[in-house]
Amino acid sequence: MQDRKFYTDANRTSWDEVAPRHRASNQENLLEGVTKPGYNALVPELIETFNLIDIKGKNVAQVCCNNAKDLLSVIKMGARSGVGIDASAAFIDQGNEIIEAAGHQDDIELIVSDVYDLPKELEGQFDIVMTTVGVMSWMPDLSAFFKVINSLLKPGGYYLVEEMHPVLLMYEQDENGVSRPLYSYFKEGPWKDTNGLDYFGHSEYESKPSYSFQHKMDDILMAGINLGLSLKHIREIDHDISNFCMDLQHQEIKPPLGINLIFEKSA
Ligand SMILES: C[S@@+](CC[C@H](N)C(=O)[O-])C[C@H]1O[C@@H](n2cnc3c(N)ncnc32)[C@H](O)[C@@H]1O
């Protein structure tokens with residue numbers, strides 16, 4: 001293992017590198033879609049999870065927000081204000097265009113920062129912190145990541161998680177689009193990928209290396225529990241929420257594909 005910054009710097013470069021491809025696949029539709037009154041990018045299960053807590057008038061942070069369409073959706077559902085944080089300046093640029101198109105510049109602010117190096121003034125500011133699918137596997141140190149999340153929360157605040165199920169990370173798709181388990185659930189050390197991060201256009205290209213990590217279900221739950229966070233809700237999801245090994249959702253015998261969690265910080 002290298003030190004944490006080696007991985008986060010490499011991953012930031014890879015996300016900046018793929019940003020123009022995601023822009024080409026999505027940005028035009030998003031800029032039009034977000035102007036519609038009922039716009040909501042969240043999948044139904046995540047909307048149901050948000051409906052378990054009171055979001056009206058709350059201040060929300062989305063960590064690793066990418067283009068912040070999910071944060072925008074939560075603001076449109078009734079939260080008061082939001083801060084989105086992502087290491088990739090290229091995705092934050094796309095996010096700012098989306099937020100401006102939606103007319104939410106006054107209640108959403110986007111910040112370029114590594115999650116492990118957030119500005120101190122954000123600490124204790126948020127009623128809700130959210131991460132949506134595809135964040136934890138980018139974290140070389142999950143315990144330190146949870147410490148950051150915990151530091152952002154006000155007492156009594158909630159951390160809402162939507163993630164790929166850790167069992168799903170055992171799988172890889174072959175060239176015919178068929179997914180099979182190739183990796184141990186207990187894999188240690190990073191995956192190194194040089195095929196790019198275009199999970200929308202599904203183009204493969206020779207990319208700068210990115211590094212992702214397996215965090216088992218007990219690692220995820222214990223990272224919260226060890227900080228005194230209470231687990232209030234857990235839901236396992238049986239269909240594709242991540243554009244990863246998408247064929248699995250159509251199989252009769254399949255692994256769990258996604259999870260939703262709610263942690264609560266004590267008041
Ligand atoms: C799979 S995307 C999240 C997608 C998001 N849920 C959405 O629906 O748009 C992961 C994001 O995490 C960001 N990221 C990865 N490592 C990070 C770090 N150390 N600090 C901040 N952001 C990071 C990437 O730049 C990327 O935008």
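Residues numbered from 1 in each chain as written. Predicted model: local features only at pLDDT ≥ 70, side-chain atom pairs only at ≥ 80, totals over all residues.

Moving on: the overall build of the chain. Assigned secondary structure in the chain consists of 6 helices and 11 strands. The C-alpha atoms of the chain give 18 Å as radius of gyration, which agrees with the globular expectation for 267 residues (18 Å, within 12%). In terms of its C-alpha atoms, the chain occupies a principal-axis envelope of roughly 45 × 40 × 40 Å. For the chain, contacts bridging at least 24 residues in sequence account for 72% of all contacts bridging at least 6. (Helix = DSSP H or I, 4+ residues; strand = E, 2+ residues; numbered from the N terminus. Rg over C-alpha atoms; globule rule 2.2 N^0.38 Å. Contact = placed C-beta atoms within 7 Å.)

A word on unusual backbone geometry. Unlike most non-glycine residues, Asn 66 shows phi in positive territory, near 55 degrees. Along the polypeptide, Asn 66 turns up in the loop between strand 1 (59–63) and helix 3 (69–76). Assessed through the 21 C-beta atoms surrounding it within 10 Å, Asn 66 is described here as buried. Phi is positive for Ala 68, which is not a glycine, with a value near 65 degrees. Structurally, Ala 68 is set in the loop between strand 1 and helix 3. (Buried ≥ 20, exposed ≤ 12 C-beta atoms within 10 Å, placed from the backbone.)

Here the focus is the nonpolar core. Core analysis: the largest hydrophobic core is formed by 68 residues, its most contacted members being Leu 72, Val 129, Ile 149 and Tyr 159. With 6 residues, the top contributor of residues to this core is strand 5 (residues 153–164). What Tyr 159 contacts, discounting residues up to four positions off in sequence, is Val 129, Ile 149, Leu 153, Leu 229 and Phe 263. (Core = buried A, V, L, I, M, F, W, Y, C linked by C-beta atoms within 7 Å.)

One way to put it is that helix 5 (residues 142–152) packs onto helix 6 (residues 217–225) with a least axis distance of 9 Å and a crossing angle of 40 degrees. For the element pair helix 5 / helix 6, the angle class is oblique. For helix 5 against helix 6, the interelement crossing comes out right-handed. Contact residues: Leu 142, Ser 143 and Phe 146 in helix 5; Asp 219, Ile 220, Ala 223 and Gly 224 in helix 6. Its residues assigned to classes, the contact of helix 5 with helix 6 shows 4 nonpolar, 2 polar and 1 charged. (Axes fitted to C-alpha atoms, helices over the stretch in contact; angles between N-to-C directions. Parallel < 35°, antiparallel > 145°, perpendicular 65-115°, else oblique. Left-handed = near helix turned anticlockwise from the far one by under 90°. Nonpolar A, V, L, I, M, F, W, Y, C, P; charged D, E, K, R; others polar.)

Spatially, the 7 strands line up as an open sheet ordered 3-2-1-4-5-11-10, and their pairing is mixed. With partners counted over all chains shown, the strands left at the sheet margins are strand 3 (108–112) and strand 10 (230–237), one partner each. If you compare each strand with its neighbour and ignore which way they point, the axes differ by 15 degrees on average. Pairing geometry for strand 4 (residues 126–131) and strand 5, over 5 bridges, is parallel. Of the residues in strand 5, the one forming a bridge with Val 129 is Tyr 159. In this fold helix 4 (residues 89–102) packs onto strand 2 (81–86) and strand 3, with an angle of close to 170 degrees to the strand it touches most, strand 3. (Pairing = 2+ DSSP bridges.)

Moving on, we get to the site of the ligand. Contacts to the ligand come from 20 residues, most closely from Trp 15, Cys 64, Asn 66, Ala 87 and Gly 134. Where the shell around the ligand is concerned, the elements lending two or more residues are helix 1 (4–33) and helix 3. Counted by class, the shell around the ligand contains 9 nonpolar, 7 polar and 4 charged residues. (Near = placed C-beta within 6 Å.)

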